[in-house]
Every structure is written in C-alpha cells, then in structure tokens.
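Report on the structure
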Amino acid sequence: MRSNKVGWWLLAPTLAILGIFGILPFIYVLYLAFHQWNPFGANPEQVFNGANNFRRLVFDKEFLLAIWVTLKFGVFAVASEIVIGYFLAQLFMREFPGKGFFRTIHTLPLIVAPIVVGSIWRLMTTPSVGIIPFYANELFGIDINIGRDAGTAFLFTVIMDIWHWTPLVTLTLLAALLSLPKDPFEQAQIDGASRSQIFWHITLPMIRPAILATVFIRLMDALRTVDEVWMLTGGGPGAATRYLGLHIWKVVFPKTDYGYGAAISVIVLYLTLVMCWMLYVGLVAPRNKGN
Amino acid sequence: MAEVTVRNVKKRYGNVQVMHGVSVDIEDGQFVVLVGPSGCGKSTLLRMIAGLEPISDGEISIGGRVVNNVMPKDRDIAMVFQSYALYPHKTVGENMGFALKIKGTPRAEIDAKVAKAAAILDLGHLLDRYPKQLSGGQRQRVAMGRAIVRDPAVFLFDEPLSNLDAKLRVAMRVEIKELHQRLKTTIVYVTHDQIEAMTMADKIVVMRDGRVEQIGAPLDLYDNPSNTFVAGFIGSPSMNFIKGKLSTIDGRTVVRADGGALLPIEGVQAEEGRPVVYGIRPEHIDIGPGGLAARVSVLEPTGSETQIFARLGDDPIDAVVKDRFDARPGDEISLLIPPRRAHLFDGASGARI
Ligand SMILES: Nc1ncnc2c1ncn2[C@@H]1O[C@H](COP(=O)(O)OP(=O)(O)O)[C@@H](O)[C@H]1O
Ligand SMILES: [Mg+2]
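Note that the coordinates shown come from a computational prediction; the quantities given were computed from them, not determined experimentally.

1. Structural notes on the overall build of chain A
Each helix and strand counted, chain A has twelve helices and two strands in total. If you list the helices and strands of chain A from N to C, you get α-β-β-α-α-α-α-α-α-α-α-α-α-α. Seen through its C-alpha atoms, chain A measures out along the principal axes to roughly 75 × 70 × 35 Å. Across the 291 residues in chain A, those meeting the buried criterion constitute 42%. Put simply, 67% of the contacts in chain A that link residues at least 6 apart link residues at least 24 apart. Positive and negative charge centroids in chain A, built from 21 and 16 side chains respectively, lie 6 Å apart.

What follows is the structure, encoded as structure tokens:
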C-alpha cells in the first residue's frame with residue numbers, strides 16, 4: 001500500500017503537467033466552442049450561444065474547402081509514407097554495404113524542427129532560384145512554381161511531409177518486422193506461397209497492428225500540420241494549401257473570433273477521431289479475434 | 001511418395017563448417033529418424049532437405065530428382081516445425097487449408113480435405129479457433145494436420161514433440177506412428193530423444209558434430225553399436241563404459257579394468273595389453289551369487305524396476321533389475337555379467353572391436 005502511495009507521488013508531476021497543459025486547455029476549448037467570444041469585438045464578453053458556432057461552420061465555404069484540402073493532404077501524405085516506409089523497412093531488414101550510415105542519414109529529418117523543415121523546403125522550391133525549380137527547368141524544361149500553381153504547391157506540401165515523416169514509419173514498421181517470428185514465413189514457403197502471396201497472406205496481416213498504429217499517429221499529425229506548410233506556401237496560392245490548422249490561424253485568429261476558432265478545433269478533433277474509428281472498425285476489429 | 005537421397009552433403013556458414021559430408025538413403029515410405037545431441041546438425045540437414053538452407057556441397061534428391069536448386073515450394077514436401085509455426089492470424093481451418101488455397105484448389109475441395117485431416121487428428125471442433133486459443137498439444141496436432149492436408153511426397157518433422165509434456169509426448173508418439181502406418185508416406189523425423197528414435201523409426205541415423213556415426217534399424221543399433229558414442233547414446237539408461245586392457249587369464253580373454261575388476265568377454269582374441277573400453281548395458285547385468293563383487297552407492301527404485309548405482313573396484317557401474325531390490329548404500333552385491341552381452345571398443349578411437 002505504501003509503495004502504491006509513493007507511486008502516485010512519483011506520477012504526480014506528470015499528471016499535473018498533463019492536467020494543466022493537456023486536459024484543462026481542452027476543456028476550455030470545448031467550453032469556448034459553445035460561446036461567442038471576441039475580446040476585441042463590439043461585445044468582448046463570453047456569451048453562450050449554443051451550437052451557433054457549429055451552425056456557422058456548415059455554411060462557411062472557406063472552412064469546407066480547408067477540410068477538403070486537409071483530408072486530401074492527409075490521405076496522400078500518410079498513404080505514401082506507409083508504402084515508402086514499408087519498402088525502406090524491408091530494405092533495412094537486409095544486409096548491404098553502408099547500411100548503418102544510410103539508416104542514420106535517413107532518420108535525421110525526424111529530429112529537425114517542423115519550422116526548419118518548412119524553411120529548407122521553401123529555400124529549395126523558391127521559384128526559379130530554388131534548387132528544385134532550377135534543375136527542373138535546366139534539365140527537363142519543366143517550370144515549377146509553387147507560388148502560382150495550386151497543384152504543384154499541394155504536391156510539395158505532401159512531398160515535404162513524406163520527407164519529414166517517412167523515417168518514423170520506417171522505424172515502426174522495421175521494429176514490427178524484426179519482431180515477427182521467422183517460422184511462419186518458412187512454413188509459407190513450404191506451403192507453396194510466392195513472395196507476393198507471402199506478403200499479402202502472412203506479412204501484411206501480421207504487421208497490421210503496427211501499420212494501423214502508425215497510420216493513426218501520422219494521420220492525426222498530418223491533419224493538424226501548421227508550421228511546415230505555413231513556412232513553405234503560407235497556405236497559398238489562394239487557399240490551395242490552407243489546411244485546417246493554418247485556416248484557423250490565418251482566417252480566424254486575425255478576426256479574434258475565438259469562439260468560432262474553438263469550434264473548428266473541436267470539429268478537427270472529431271473528424272480525426274471519426275477517421276481513426278472507421279479505420280479501426282474496418283481493419284482491426286474484425287481481425288482482433290486472432291491477435 | 002518418394003525416396004530421399006542425401007549424397008555427401010556439406011554445409012558451411014561462412015568459414016564454419018557444420019556438416020562434413022553426410023550421406024543417407026531413405027527408401028520410399030520409410031520412417032527415418034535423425035537423432036543426435038543438440039547442435040549436431042539434425043535441423044540443418046532437415047532444412048536442407050526442405051530447401052530452407054542452401055546446400056554448400058553434395059547432392060540431395062527427392063523422388064529421383066536432384067533438388068539442390070529447387071525452391072521449397074516445388075519439392076512436394078510438408079514440414080512440421082518444433083515451434084509449430086502456425087499462422088497466428090488464421091483460424092485452424094485456414095491454417096490447414098492455406099497450402100491448398102495457394103494452389104488455387106476449389107473451396108469445396110479444400111473444405112473436404114481439411115475436414116478429413118481434422119477427423120484423423122480429432123480437430124473437427126477446433127477449426128474456427130485461432131492458434132492462441134489452443135493448448136500446446138492442440139497446436140501440435142494442427143501443425144500435423146496442416147502437413148497431412150498437403151498429401152506430400154515426404155513429411156519432415158523437426159522435434160515436433162519436444163514442447164509437449166511427457167505424457168502427451170508418449171501419446172503423440174504412438175499417434176504419429178499409426179499415422180505413418182496409415183498414410184505410408186516417407187517421413188524424416190528429427191529428435192534428440194533416443195527413445196523417440198527407438199520407438200518410431202524404421203531406420204535411425206545417429207549424428208554427431210555434423211557427421212553420421214551410424215545408420216541402422218533401432219534394434220540393430222542397440223545390439224551392434226559401431227562405436228562408444230552410438231553405444232552410449234542409444235539405450236536408456238546409458239551403457240556402462242569401463243576402461244581397461246585386454247589380458248589372458250587361465251587361457252581366457254578378459255578385460256582388466258583400470259579400476260581393478262576382471263571383466264569376462266567372449267569371442268575376442270587377446271592382444272595382450274591393448275587398451276579397450278568395455279561396455280555393458282545396465283539392463284543386461286543381473287544380481288546373483290558367483291558374480292563380480294561390487295559396492296552399492298545409490299538405489300533408485302521406480303516400482304517396476306530398480307536402478308542400482310554401484311562401484312566395481314574403482315569404476316562406477318549401474319545395473320537395472322526387474323522387481324524390487326533391497327540393499328543399503330555400502331552393501332556388497334554380486335553382479336552377474338553375461339560375457340556375450342559385453343561390447344568391446346578400441347580404447348583410443350572408440351570404434352567397435
Ligand atoms: N544460421 C547459422 N549460422 C551459423 N551457424 C549455425 C546456423 N544455424 C545453425 N548453426 C550451427 O550449426 C550446427 C548445427 O545446428 P542445428 O542443425 O540447429 O543442430 P540441431 O538441430 O542438431 O540441434 C550448430 O553448431 C549451430 O551452431
Ligand atoms: Mg534442431
């Protein structure tokens with residue numbers, strides 16, 4: 001019993017930090033989402049206005065566009081990261097010269113701050129002078145301008161996210177692959193399965209939990225990206241890459257319309273939960289019996 | 001069905017050679033057991049037959065076809081791993097039907113074959129379970145069922161019973177033997193347990209350190225072990241070995257043990273002074289008047305028989321007698337050793353004389 005008490009004391013700082021910086025702000029955001037609050041508006045008071053903030057959202061064209069591009073961004077980025085990450089993980093399962101070096105280099109983006117990642121990619125993609133547009137033009141005669149072309153801007157935000165976060169996927173999938181027992185794979189060979197059959201019937205189902213956990217983490221992260229994209233495109237051209245976080249920050253905060261902003265945050269959270277829940281129900285739950 | 005031929009096979013891992021030219025002939029329908037202490041290369045040999053390990057040198061053929069460069073899936077073999085290697089995310093039924101599904105067998109046919117194998121192994125009620133919901137014994141049966149469903153030319157078993165408790169092991173031993181009698185498929189079975197080898201095999205291959213020590217029928221190995229290693233490995237409890245020298249006393253050849261005793265032998269011409277190892281199985285020693293005097297150190301009664309650890313001169317010797325035996329440590333007993341039961345091995349090489 002005594003040791004139990006000591007345990008709680010040792011946990012207390014963590015719990016306090018979690019409460020102060022995690023739970024309290026969340027409750028506050030939830031509270032604000034149901035209030036009209038513009039400290040610099042005509043009425044600076046917090047006025048309860050029921051679900052009005054949410055009702056406004058449904059008719060807010062800019063917000064709906066932001067949701068759409070955010071989802072597109074999340075799906076493209078995370079799907080690519082999983083596929084590329086898986087291949088890299090498989091590569092690291094093998095022995096090849098310079099493996100240690102390559103693996104270290106490959107993980108470096110993970111420790112770079114998002115704002116720096118954004119700056120780097122901004123430098124590399126600055127129209128006509130950045131290394132990418134320059135060589136694209138020089139070598140292939142392609143004109144890359146993320147400041148003018150919406151599709152290109154979108155593409156580069158996705159590529160940047162892939163560059164930054166694929167190593168995380170590689171590491172988790174590598175850990176999953178390394179922890180797999182070897183026997184079922186030999187058994188599958190004897191059972192007559194080809195490489196691709198082994199992948200679909202054995203490997204994939206066996207690392208499914210790891211893949212899903214990674215998808216959850218990456219998706220939640222991708223849906224609330226702000227700083228990198230802000231550095232790279234500033235949300236433009238137009239609103240082409242104005243993802244939700246950026247949308248709140250660029251459109252709502254300048255108007256100091258905090259109640260409305262809080263409502264958007266809540267919706268983003270809700271969307272994320274719904275997506276993860278759908279993934280879970282669709283992919284994990286039916287298979288759970290076996291694992 | 002097929003015969004398997006292993007011809008002068010060697011295996012190297014990098015610079016380390018773990019198999020030094022192994023040759024084994026396995027006839028069609030034979031139950032062959034590879035036995036030997038842990039690390040002697042049994043699994044490696046089995047895995048080379050399966051195609052899971054490349055062969056460094058030599059030749060393996062299955063059904064008359066050299067398979068050195070044939071993929072495991074094209075060798076028409078089924079294997080049961082020590083760990084069972086069940087697919088954790090598939091049900092018992094899916095596990096058993098996987099090989100057929102891969103082959104593109106129609107659903108109905110798969111179900112029929114799985115049902116048939118399940119009936120043989122009494123797994124019918126478990127088909128919808130996942131491996132983690134099964135006991136060790138049930139998993140073992142599923143692994144066997146998966147092999148049976150394949151109806152392969154050769155079954156390969158790698159210590160399939162070593163993770164089971166003693167009682168279940170005995171039961172499964174009988175069951176596997178029955179299965180072989182029913183299916184008549186060639187079986188290569190790896191174990192480190194000589195009892196399993198003795199009870200199940202048509203032919204035993206005794207291995208040590210990547211070499212074959214002796215090949216033969218179980219009782220053949222028991223009666224005529226070709227060296228001290230095989231003699232000591234086959235049979236339980238192990239054969240007694242007593243070091244000594246050949247000598248002649250009153251015109252009879254005996255072994256004068258280094259510990260002092262004079263041990264009778266038969267049918268050997270004395271080469272006076274030649275160092276030898278004298279071997280006698282505990283179960284061939286009897287207690288009765290007129291034998292060699294020994295002193296009891298420990299008794300181990302098991303009910304049906306009694307194992308007596310004693311000292312013959314300075315040499316330890318152990319004997320097993322049917323029935324109860326009453327003695328106390330330190331008591332003197334008289335050991336009857338029939339000379340025709342004795343084995344004689346060369347003192348230096350350990351080879352049978
Ligand atoms: N992948 C490997 N790399 C190096 N040595 C190995 C490898 N696999 C097995 N060995 C060695 O080969 C020998 C035979 O191993 P194994 O066939 O597993 O023995 P057994 O099954 O008879 O216990 C052992 O000495 C073992 O250390
Ligand atoms: Mg082994």
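2. Quick look at the sheet that holds strand S12 (residues 252-257) of chain B
All names here are of chain B. In space, the five strands of this open sheet follow the order S13-S12-S11-S14-S19, with antiparallel pairing throughout. Each edge of the sheet is formed by a strand with only one pairing partner; in this case those strands are strand S13 (262-264) and strand S19 (343-346). Across the sheet, the axes of successive neighbouring strands diverge by a mean angle of 45 degrees, strand direction being ignored. Bridge analysis of strand S11 (residues 240-249) against S12 gives six bridges, and the strand direction is antiparallel. Residue pairing for S12: Ser247 is matched across the bridge by Val254.

3. Notes on the interface of chain A and chain B
The interface of chain A with chain B comprises 19 residues on the first partner and 24 residues on the second. Of all residues in chain A, Gln187(A), Ile190(A) and Asp191(A) bury the most surface against chain B, accounting for 30% of the area lost on that side. Applying the counting criterion to the chain A and chain B interface returns two salt bridges. Of the charged contacts, one joins Glu186(A) and Arg47(B) as a salt bridge, the two residues approaching to 2.6 Å between their closest N and O atoms. Taken together, the connections running from chain A to chain B amount to eight residue pairs in polar contact (both at pLDDT 80 or more). Looking at the side of chain A that touches chain B, the elements that each hand over two or more residues are helix H8 (183-190) and helix H9 (195-223) of chain A. With seven residues, H8(A) is the largest single contributor of residues to the side of chain A that touches chain B. Class assignment of the residues belonging to the side of chain A that touches chain B gives a composition of seven nonpolar, seven polar and five charged.

4. A look at empty space enclosed by the protein
Residue and element names in this part refer to chain A. Throughout the structure, instances matching the rule amount to one cavity of 30 Å³ or more. Its volume calculated, the largest cavity comes out at about 30 Å³. Around the largest cavity sit Thr70, Leu71, Leu223, Leu244, Val268 and Leu271, which together line it. Elements represented by at least two residues in the lining of the largest cavity include exactly helix H3 (61-93) and helix H12 (258-284).

5. Points about the nonpolar core
If you look at the biggest cluster of nonpolar residues, it comprises 46 residues, and the most contacted ones within it are Ala188(A), Ile202(A), Ile207(A) and Phe98(B). When contributions to this core are tallied by element, the ones reaching two or more residues are H3, helix H5 (114-125), helix H7 (150-178), H8, H9 and helix H10 (227-232) of chain A together with helix H2 (92-103) of chain B. Looking at which element gives the most residues to this core, the answer is H7(A), with eleven residues. Filtering out sequence-adjacent residues up to four positions away, Phe98(B) remains in contact with Ala188(A), Asp191(A), Ala193(A), His201(A), Ile202(A), Tyr87(B) and Lys90(B). Core analysis: the second largest hydrophobic core is formed by 45 residues, Phe31(B), Val80(B), Ile148(B) and Phe157(B) among them.

6. A short note on the UniProt feature "transmembrane region" (unreviewed entry) in chain A
UniProt's feature table lists "transmembrane region" (unreviewed entry) at residues 7-34, 63-89, 101-121, 153-178, 198-217 and 261-285 of chain A, given in the numbering used throughout. Annotated as 96% helix and 0% strand, the span residues 7-34 of chain A places its first and last C-alpha atoms 38 Å apart.

7. With respect to the UniProt feature "domain: ABC transmembrane type-1" (unreviewed entry) in chain A
Here, UniProt's "domain: ABC transmembrane type-1" (unreviewed entry) annotation points to residues 67-279 of chain A. Secondary structure content for residues 67-279 of chain A is 76% helix and 0% strand, and the end C-alpha separation is 19 Å.

8. A look at the site of ligand 1
Residue and element names in this part refer to chain B. Surrounding ligand 1, one finds Tyr13, Val18, Ser38, Gly39, Cys40, Gly41, Lys42, Ser43 and Thr44. One nitrogen or oxygen atom from the main chain of Gly41 is found 3.0 Å from an oxygen atom belonging to ligand 1. One nitrogen or oxygen atom from the main chain of Lys42 is found 2.9 Å from an oxygen atom belonging to ligand 1. Protein chains shield 56% of the accessible area of ligand 1, which is 560 Å² for the free molecule. No other element matches helix H1 (residues 42-50), which puts three residues into the shell around ligand 1.

9. Considering the pattern of salt bridges
Residue and element names in this part refer to chain A. Applying the stated criterion to the full structure yields 22 salt bridges over all chains. The salt bridge partner of Arg218 is Asp161, with a shortest N-O separation of 2.6 Å. Taken together, the residues Arg218 in helix H9 and Asp161 in helix H7 connect sequence positions 57 residues apart. The pair Arg218 / Asp161 is uniform in exposure class, with both members buried. By relative accessible area, which is 0% here, Arg218 ends up buried.

10. Brief notes about the UniProt feature "domain: ABC transporter" (unreviewed entry) in chain B
The feature "domain: ABC transporter" (unreviewed entry), as given by UniProt, occupies residues 4-234 of chain B in the numbering adopted here. Between the C-alpha atoms that bound residues 4-234 of chain B the distance is 24 Å, and the span itself is 38% helix and 26% strand.

11. Focus: the pairing of S11(B)
All names here are of chain B. As paired elements, S11 and strand S14 (residues 275-280) share six bridges and run antiparallel to each other. Paired with Asn240 across the strands is Ile280, a residue of S14. Counted along the chain from S11 to the antiparallel partner S12, the turn is two residues long, and its residue Asp250 has a positive phi close to 55 degrees.

12. What about the confidence of the model for chain B?
For chain B, the average pLDDT comes to 91, and 100% of its residues sit at 70 or higher. Two numbers describe this predicted complex: its pTM, 0.80, and its ipTM, 0.82.

13. Description of the packing of helix H3 (residues 107-121) of chain B against helix H4 (residues 136-150) of chain B
Residues and elements named next belong to chain B. Where H3 meets H4, the axes come as close as 9 Å, and the angle between the chain directions of the two elements is 135 degrees. Relative to H4, the element H3 is oriented oblique. Pair H3 / H4 crosses with right-handed handedness. Between H3 and H4, the contacting residues are Lys113, Val114, Ala117 and Leu121 on the first element and Arg141, Met144, Gly145, Ile148 and Val149 on the second. Grouping the constituent residues of the contact of H3 with H4 by class yields six nonpolar, one polar and two charged.

14. Here we look at the layout of surface pockets
All names here are of chain A. Of the volumes computed, that of the largest pocket is approximately 810 Å³. In this structure, the largest pocket is lined by 22 residues; those nearest its centre are Gln90, Arg94, Phe185, Arg195 and Ile198. Of all the secondary structure elements, the ones that give two or more residues to the lining of the largest pocket are H3, H8 and H9. If you tally residues by element for the lining of the largest pocket, the top one is H9, at five residues. Along its surface, the second largest pocket is lined by 23 residues, and Arg224, Ile248, Ser265, Val268 and Leu269 are the ones closest to its centre. Elements with a minimum of two residues in the lining of the second largest pocket: helix H1 (2-33), H9, helix H11 (244-252) and H12. The leading source of residues in the lining of the second largest pocket is H12, at eight residues. Of the residues that constitute the lining of the second largest pocket, the class distribution is 17 nonpolar, four polar and two charged.

What counts and what doesn't
- Residues numbered from 1 in each chain as written.
- Chains lettered and ligands numbered in written order.
- Predicted model: local features only at pLDDT ≥ 70, side-chain atom pairs only at ≥ 80, totals over all residues.
- Heavy atoms only, no water.
- Helix = DSSP H or I, 4+ residues; strand = E, 2+ residues; numbered from the N terminus.
- Buried < 20%, exposed > 50% of the residue type's maximum accessible area, 1.4 Å probe, protein only.
- Contact = heavy atoms within 4.5 Å.
- Lys, Arg positive; Asp, Glu negative; His and termini not counted.
- Charge placed at Lys NZ, Arg CZ, Asp CG, Glu CD.
- Pairing = 2+ DSSP bridges.
- Axes fitted to C-alpha atoms, helices over the stretch in contact; angles between N-to-C directions.
- Buried area = accessible area lost by both parts, 1.4 Å probe.
- Salt bridge = Lys/Arg side-chain N within 4 Å of Asp/Glu carboxyl O.
- Polar contact = N/O pair within 3.5 Å; in protein donor to acceptor, adjacent residues only side chain to side chain.
- Nonpolar A, V, L, I, M, F, W, Y, C, P; charged D, E, K, R; others polar.
- 1 Å grid on protein atoms, 1.4 Å probe; cavity = no way out; pocket = protein on both sides within 12 Å on 5 of 7 lines; lining within 4 Å.
- Points joined across faces, edges and corners; volume = space filled by probe spheres on them.
- Core = buried A, V, L, I, M, F, W, Y, C linked by side-chain atoms within 4.5 Å.
- UniProt positions renumbered as here; feature names shortened; annotations may be inferred.
- Near = heavy atom within 4 Å.
- Areas by Shrake-Rupley, 256 points an atom, 1.4 Å probe, with all protein chains shown as cover.
- pLDDT = per-residue confidence, 0-100.
- Parallel < 35°, antiparallel > 145°, perpendicular 65-115°, else oblique.
- Left-handed = near helix turned anticlockwise from the far one by under 90°.

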